[in-house]
Each structure stands twice: as C-alpha cells, then as structure tokens.
Amino acid sequence: MSRIGKMSIAVPAGVTVEFNNSVVTVKGAKGTLTREIVGAIDVKSEGGHVHVVALDDTKETNARHGLYRALIAGMVKGVSEGYTKGLEVRGVGWKVAKQGNKLVMNVGFSHPVEFAEPAGIKLECPSQTEINVSGIDKVLVGQVAADLRAIRVPEPYHGYGIRYKGENVEHKEGKTSGKGKK
C-alpha cells in the first residue's frame, strides 16, 4: 500500500470534492477541475477530508493509489489557491510584452515571437523581462511554462535565454587564445 496514498487530503472551506462514475470533480472559488480515475480506486469525502482508497492489492492499483492522491491534492490546491510559475528573460535588448491575449517576445530572432494565451491560463508581464504563468491546473501551468522556456532555452556561454525564476544555468568557459601555449 502506498504511503502517499494513505494520507488524507484536507479540504479547505468553499471547496467540494465529488466522486461519481469514476470521475473526481473538485469545485472551488477559482473554478472546477475534473479527472477520470482508472482502476480499483475509490475516493471518499468525509468531514472536511478526502481519502483515496485502494480496493485491491495488485501492483497496478498500488502504483495508482499514491498517484491519484497526489493529483487530487493538486486539484484541491489549484481551485482554492491556484498555481503560478515565473520565468525570466535574459539577453541584451530582449523583452516581452502582453498584447491582448498574446505574449509578444523579442528574444534574439529576426522577428518577434507571438505566443497565444491558452484557455485556463493567464499570462502576465510585470516587467519587460518577466513572465508569470498562472492558472488552476498544475499540469497545464507547468506545460505552458515549459513551452515558453523552449522558445529560447538558456545557452551556457552567456546565459541568454528564457529561464525559470531561480533557475541556475551553469556557464561554460569560452574559447581562449593560443597565446602562451608551447
């Protein structure tokens, strides 16, 4: 039995968790999330806590037990607090700006790169070199942040690129001249 799966999930006030026909629905102040539960897993909501219960002891069920508990806990946090992922743009003359529902980035290409805001995600630019990705779905927020970073991955010589806030990019030593070598 999974140690993660055995832990209960505390449900804050204003959030409801329902389990019908192998679909978990979590409703809160920020929105509604649903997820299908596959396998012999049951979800019980009792007195402000949610318990994920494995109905048998097979290898597949044990593997999914902790997974679904973690996913439901993420859904509860998403509809109550939400998720935010920050990105930094580093490069000489590089900048980003929000125009309507698009993010326009000048990141060293010969043309500006436009990135459309996906449904369920909010993109913000607090400054010309920062991007905040926010939403209620943890997986979607992380995927959109990864897609933005993939537009210009940080390079190891100068550190130019789009990186997560707090990400450390290791720098390589550049080329040296042949002087002084024998």
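Data block above holds the structure.
All values reported here derive from a predicted model rather than from experimental measurement.

1. Regarding the overall build of the chain
Now for step 1: Secondary structure assignment for the chain yields three helices and 13 strands.
Now for step 2: For 182 residues, the compact-globule estimate of 2.2 N^0.38 gives 16 Å, and the C-alpha radius of gyration of the chain, at 22 Å, exceeds that figure by more than 25%.
Now for step 3: Buried residues in the chain amount to 34% of all 182 residues.
Now for step 4: By sequence separation, contacts in the chain at least 24 residues apart represent 51% of the contacts at least 6 residues apart.
Now for step 5: Accessible surface computed for the chain: about 11,000 Å², of which carbon and sulfur atoms make up 49%.
Now for step 6: For the chain, the centre of its 26 positive side-chain charges and the centre of its 19 negative side-chain charges are spaced 9 Å apart.

2. Section: the sheet that holds strand β10 (residues 113-116)
Now for step 1: One open sheet holds the three strands; their spatial order is β8-β9-β10, and the pairing between them is antiparallel. Unpaired on one side and paired on the other, β8 (95-99) and β10 mark the two borders of the sheet. Adjacent strand axes in the sheet meet at a mean angle of 25 degrees when their direction is disregarded.
Now for step 2: Contacts between helix α3 (residues 138-151) and the sheet are confined to β9 (102-106) and β10, with β10 contributing the most and set at about 170 degrees to the helix.

3. Regarding α3
Now for step 1: A rise of 1.5 Å per residue sets the reference length of α3, with its 14 residues, at 20 Å; its end C-alpha atoms lie 21 Å apart and thus fit the reference within 8%.
Now for step 2: Listed in full, the buried residues belonging to α3 are V141, V144, A145, L148 and R149. For α3, the arc enclosing every buried residue in end-on projection is 140 degrees, short of the 170-degree limit, so these residues lie on one face. Residues V139 and A150 are exposed on α3 and point more than 90 degrees away from its buried face.
Now for step 3: Each element contacted by the buried residues of α3 is listed here: β7 (83-90), β9, β10, β11 (121-124), β12 (130-135) and β13 (161-164).

4. Quick notes on the environment of K77
Now for step 1: Tracing the chain through its elements places K77 in helix α2 (residues 59-80).
Now for step 2: Between the C-alpha atom of K77 and that of S2, which follows or precedes it by 75 residues, the distance is 21 Å.
Now for step 3: Ignoring any residue separated from it by four or fewer positions in sequence, one finds K77 in contact with G82 and Y83.

5. What to know about the pairing of β8
Now for step 1: Sheet topology places β8 next to β9; five bridges connect them, and they run antiparallel. From the neighbouring strand, Q99 faces β9, where its bridge partner is K102.

6. Here's the deal with the sheet that holds strand β1 (residues 9-10)
Now for step 1: With antiparallel pairing, three strands are arranged side by side in an open sheet as β1-β6-β5. Looking at the sheet topology across the chains shown, the edges are occupied by β1 and β5 (41-46).
Now for step 2: The sheet contacts of α2 involve β1, β5 and β6 (49-54), and relative to β6 the element is tilted by about 160 degrees.

7. A short note on the nonpolar core
Now for step 1: Counting 19 residues, the largest nonpolar core has M105, L123, I131, V133 and L148 as its most contacted members.
Now for step 2: Considering every element that reaches this core, the biggest residue donor is α3, with four residues.
Now for step 3: With residues up to four places along the chain from it excluded, the contact list for M105 reads K95, V96, P112, V113, F115, I131, L148, I151 and I162.
Now for step 4: With 18 residues, the next largest nonpolar core counts V15, V24, V26 and V50 among its residues.

8. With respect to the side chain of D42
Now for step 1: Locating D42 in the fold gives a position in strand β5.
Now for step 2: Despite being buried, D42 has no salt bridge partner; K44 is the closest side chain of opposite charge, sitting 4.2 Å away.

9. A few points about the pattern of salt bridges
Now for step 1: If you walk through the whole model with that rule in mind, you get six salt bridges.
Now for step 2: Where E124 meets K122, a salt bridge forms, and the shortest distance between an N and an O atom there is 3.4 Å.
Now for step 3: Taking relative accessible area as the criterion, E124 reaches 33% and is therefore assigned partly exposed.

Cut-offs and rules
Residues numbered from 1 in each chain as written. Predicted model: local features only at pLDDT ≥ 70, side-chain atom pairs only at ≥ 80, totals over all residues. Heavy atoms only, no water. Helix = DSSP H or I, 4+ residues; strand = E, 2+ residues; numbered from the N terminus. Rg over C-alpha atoms; globule rule 2.2 N^0.38 Å. Buried < 20%, exposed > 50% of the residue type's maximum accessible area, 1.4 Å probe, protein only. Contact = heavy atoms within 4.5 Å. Areas by Shrake-Rupley, 256 points an atom, 1.4 Å probe, with all protein chains shown as cover. Lys, Arg positive; Asp, Glu negative; His and termini not counted. Charge placed at Lys NZ, Arg CZ, Asp CG, Glu CD. Pairing = 2+ DSSP bridges. Axes fitted to C-alpha atoms, helices over the stretch in contact; angles between N-to-C directions. Expected span 1.5 Å × (residues − 1). Arc of directions from axis to C-beta. Core = buried A, V, L, I, M, F, W, Y, C linked by side-chain atoms within 4.5 Å. Salt bridge = Lys/Arg side-chain N within 4 Å of Asp/Glu carboxyl O.

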